[in-house]
Amino acid sequence: MKAIFLGNCANQTSTNEAVSIVIETDQKILIDAGPGVVRQLLRSGRKCTDIAHVFITHCHGDHTLGFPYLIWNHFYESLEGIKGPTEINVYTSPSLIDGLLTMLKFCYVIDNYPFKIKFHEISETGITEIKIGNTNIKTVPVIHTTKNFGLRFDWNNKTVSYSSDTLYSDEFTALAKNSNLLIHEGFATESLFELSRKVKHGTGKDAGMCATNSQSKELALVHFFPPFQDKLNDIVEEAKKYFNGKVFYPNELLEYNVE
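As for the pattern of salt bridges
Then, number 1: Applying the stated criterion across every chain, the model contains eight salt bridges.
Then, number 2: Between Glu255 and Lys2 there is a salt bridge whose closest N-O contact spans 3.3 Å. Taken as a pair, Glu255 in strand S14 (residues 255–257) and Lys2 in strand S1 (residues 2–7) lie far apart in primary sequence, 253 residues in all.
Then, number 3: Residue Glu255 is classed as partly exposed on the basis of its relative accessible area of 33%.
Then, number 4: The class for Lys2 is partly exposed, based on a relative accessible area of 23%.
Then, number 5: Note that Glu252 and Arg43 form a salt bridge whose closest N and O atoms lie 3.6 Å from each other. Separated by 209 residues along the polypeptide, Glu252 in the loop between strand S13 (246–248) and S14 and Arg43 in helix H1 (residues 37–43) bring together distant segments of the chain.
Then, number 6: By relative accessible area, which is 24% here, Glu252 ends up partly exposed.
Then, number 7: You can call Arg43 partly exposed: its relative accessible area is 45%.
Then, number 8: Because the salt bridges share partners, they merge into one network encompassing Lys2, Glu24, Arg46 and Glu255.

A look at helix H7 (residues 204–213)
Then, number 1: The complete set of buried residues in H7 reads Gly204, Asp206, Ala207, Gly208, Cys210 and Ala211.
Then, number 2: Of the surrounding secondary structure, the elements contacted by the buried residues of H7 are helix H5 (170–175), strand S11 (181–185), helix H6 (193–199), strand S12 (218–222) and helix H8 (232–240).
Then, number 3: Following H7 by one or two positions, Gln215 adopts a phi angle in the positive range, close to 60°.

With respect to unusual backbone geometry
Of all residues except glycine, most have a negative phi; of all peptide bonds, most are trans.
Then, number 1: Located in the positive-phi region is Asn157, a residue other than glycine, with phi close to 65°.
Then, number 2: Position of Asn157 among the secondary structure elements: in the loop between strand S9 (149–155) and strand S10 (158–162).
Then, number 3: Residue classification places Asn157 among the exposed residues on the basis of a relative accessible area of 80%.
Then, number 4: Unusually for a residue other than glycine, Lys200 sits at a positive phi of about 55°.
Then, number 5: Locating Lys200 in the fold gives a position in the loop between H6 and H7.
Then, number 6: Looking at Lys200, the relative accessible area reads 27%, which means it is partly exposed.

Examining the nonpolar core
Then, number 1: If you look at the biggest cluster of nonpolar residues, it comprises 27 residues, and the most contacted ones within it are Ile21, Phe55, Leu181 and Ile183.
Then, number 2: The dominant element in this core, judged by the number of residues it contributes, is S9, at four residues.
Then, number 3: Setting aside residues up to four positions removed in sequence, Ile183 forms contacts with Ala3, Phe5, Ile21, Val160, Ser161, Tyr162, Ser163, Ala220 and Val222.

Some thoughts on the packing of aromatic side chains
Then, number 1: Counting across every chain of the model gives 10 aromatic pairs.
Then, number 2: Note on Phe55 and Phe153: the rings are 6.2 Å apart at their centroids and 85° apart in plane angle, and the pair reads as edge-to-face. Of this pair, Phe55 sits in strand S4 (residues 53–56) while Phe153 sits in strand S9, placing them 98 residues apart in sequence. Comparing Phe55 with Phe153, the two get one shared label, buried.
Then, number 3: One aromatic cluster is present, formed by Tyr69, Trp72, Tyr76 and Tyr108 through successive ring pairs.
Then, number 4: We note Lys231 situated over the ring of Phe228; from NZ or CZ to the ring centre the distance is 4.5 Å.

A closer look at the sheet that holds S9
Then, number 1: Ordered in space as S7-S8-S9-S10-S11-S12-S13, the seven strands form an open sheet in which the pairing is mixed. Both outer strands of the open sheet, strand S7 (128–132) and S13, are each paired with one neighbouring strand and no more. Along the sheet, successive strands turn relative to each other by an average axial angle of 15°, direction set aside.
Then, number 2: Packed onto the sheet, H7 meets S11 and S12 and runs at close to 155° relative to S11.

Some words on H8
Then, number 1: Along H8, the positions that sit buried rather than exposed are Leu232, Ile235, Val236, Glu238 and Ala239. Angularly, the buried residues of H8 cover 160° about the axis, an arc narrow enough to put them on a single face.
Then, number 2: In this fold, the buried residues of H8 make contact with H7, S12 and S13.

Cut-offs used in this document
- Residues numbered from 1 in each chain as written.
- Predicted model: local features only at pLDDT ≥ 70, side-chain atom pairs only at ≥ 80, totals over all residues.
- Heavy atoms only, no water.
- Salt bridge = Lys/Arg side-chain N within 4 Å of Asp/Glu carboxyl O.
- Helix = DSSP H or I, 4+ residues; strand = E, 2+ residues; numbered from the N terminus.
- Buried < 20%, exposed > 50% of the residue type's maximum accessible area, 1.4 Å probe, protein only.
- Contact = heavy atoms within 4.5 Å.
- Core = buried A, V, L, I, M, F, W, Y, C linked by side-chain atoms within 4.5 Å.
- Phe/Tyr/Trp six-rings, centres within 6.5 Å; stacked < 30°, edge-to-face > 60°.
- Lys NZ or Arg CZ within 6 Å of the ring centre and 35° of its normal.
- Pairing = 2+ DSSP bridges.
- Axes fitted to C-alpha atoms, helices over the stretch in contact; angles between N-to-C directions.
- Arc of directions from axis to C-beta.

Below, the structure is given as structure tokens:
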């Protein structure tokens with residue numbers, strides 16, 4: 001089981017890409033599609049046509065703006081003779097489906113594609129359970145400024161959980177129980193407590209508490225506030241005050257083997 005961190009920032013900057021992650025099990029599953037997702041997939045040595053399953057956690061641009069381009073690149077790669085999936089499955093909240101379809105149709109004539117795009121609804125109020133190949137996935141709503149969900153992936157006796165953008169959430173913490181790798185937002189330190197509560201982005205303390213209370217083995221922090229680019233260790237050290245396991249901020253394009 002592997003997590004590929006295509007991006008790790010809360011915004012696209014001159015040096016960083018927004019958060020999107022590929023979870024590799026017996027499948028290749030993409031979480032979120034920010035503006036640089038196509039380039040990052042290619043830089044990671046993968047193709048868009050490797051991806052048949054995409055989770056879009058919420059509507060914000062750093063998680064969605066690359067979505068129509070990702071789908072179009074499935075078509076582009078087919079013109080180069082690369083055989084991709086005949087169906088691309090998109091898992092998202094019901095309130096996002098119309099918006100994502102509008103993006104697709106505004107950019108391209110999707111009826112011309114040699115594949116189908118199928119949307120699957122994620123519950124906005126409770127747990128959703130999905131099986132993709134031999135990978136079991138659960139989602140639960142989290143605490144953000146818009147409808148959003150976190151995820152748990154179980155495969156081959158290993159677990160990766162991802163919080164998406166959120167404050168500390170009891171529901172997500174329960175979902176992430178005994179994760180081998182917990183990927184949790186680490187937007188900033190508690191020095192920006194008031195801002196983090198206003199925009200509903202988790203701090204290093206929130207992440208560390210979630211890791212401890214979920215009894216996770218390792219904690220990867222993502223979605224840092226760009227002004228903290230040179231102070232990521234401050235967020236790591238804050239998380240370590242609340243969690244005794246391994247804590248790290250993954251480098252962009254890191255391929256992390258889940259142990």
